[in-house]
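Descriptive analysis of the structure
Residues per chain are reported as follows:
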Amino acid sequence: MKIGVFGGSFDPVHLEHIEVAKAAISSLSLDKLIVMPAHVPPHKQDKILSQETDRLEMCKIAFSGIEKVEVSDYEIKKGGNSYTYLTCQALKEIYSKDELFFVVGTDMLRDFPTWKHPEKILECATLAVCARNENEGWAEKEKRDFNDRFHCDFALVHYNGKPVSSTIIRVFGAAGLDLTDFVGKKVNEYIK
């Protein structure tokens, strides 16, 4: 089987996350996509996040009805910092005979060398990259740089996402604005 993992803080999950998930399933011919909200993303240790139970519930609401998507509470139950390499190692043990992909946007691709043990992630999974508001031709340069650094390639998710930010959505929500256009009706109701 081909299994994708889509992690993040999802604070809140928004419509672009859903579009990335659908594109990953289609582009990579995935049999399953595991959406995994982080307990505490290492790069957000000093930031206040919404309760993990709320972020998990919003993901369950947002991704319900999307075929092949499973929302996992693995990192939330595990607690502590959610290091991708540890999650990928655990998943590789569970899915030892399957092909794993770890789905990221181009923003995370560019930060990837700073992640804890990126080479251990690549031993377990192929990085699958979705553009986030990129200009045409971005992939060739990024693939060259990635290959020079890690001596392997990444897979492409064929979707160029809009520049939506969970941070801005939280600001709009704090101002009392309706978030339906960003998060969908059901997640907006949950946030209210």
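Nothing here was measured: the structure is a model prediction, and the numbers come from that model. (Residues numbered from 1 in each chain as written. Predicted model: local features only at pLDDT ≥ 70, side-chain atom pairs only at ≥ 80, totals over all residues. Heavy atoms only, no water.)

One side-chain oxygen at the N-terminal end of helix α8 (residues 166–174) lies 3.1 Å from the backbone nitrogen of Thr-167; it belongs to Ser-165. With its phi angle positive at about 85 degrees, Gly-176 sits one or two positions after the end of α8. (Polar contact = N/O pair within 3.5 Å; in protein donor to acceptor, adjacent residues only side chain to side chain. Helix = DSSP H or I, 4+ residues; strand = E, 2+ residues; numbered from the N terminus.)

What follows deals with the pattern of salt bridges. One pass over the structure, following the stated rule, counts 10 salt bridges. Lys-32 is the salt-bridge partner of Glu-70, the closest N and O atoms lying 3.4 Å from each other. Taken together, the residues span a long stretch of sequence, with Glu-70 in strand β3 (residues 69–71) and Lys-32 in strand β2 (residues 32–37) at a distance of 38 residues. The class for Lys-32 is buried, based on a relative accessible area of 17%. The partner of Arg-110 in a salt bridge is Glu-134, with the nearest N and O atoms 2.9 Å apart. Separated by 24 residues along the polypeptide, Arg-110 in helix α5 (residues 106–111) and Glu-134 in the loop between β5 (126–132) and α7 (138–150) bring together distant segments of the chain. Note on Glu-134: relative accessible area 17%, which makes it buried. Among the ionic contacts, a cluster of salt bridges with common partners joins Arg-110, Glu-134 and Glu-142. (Salt bridge = Lys/Arg side-chain N within 4 Å of Asp/Glu carboxyl O. Buried < 20%, exposed > 50% of the residue type's maximum accessible area, 1.4 Å probe, protein only.)

With respect to the helices and strands, the residue Arg-55 is situated in helix α2 (residues 52–63). The side chain of Arg-55 is buried and forms no salt bridge, while Glu-52, the nearest opposite charge, is found at 4.6 Å. Side-chain polar atoms of Arg-55 contact the backbone oxygen of Ser-9, separated by 2.9 Å. Here His-39 takes part through its backbone oxygen, which lies 3.1 Å from a polar atom of the side chain of Arg-55. Discounting residues that sit within four places of it in the chain, Arg-55 has contacts with Ser-9, Phe-10, Asp-11, Pro-37, Ala-38, His-39, Leu-49 and Ser-50. (Lys, Arg positive; Asp, Glu negative; His and termini not counted. Contact = heavy atoms within 4.5 Å.)

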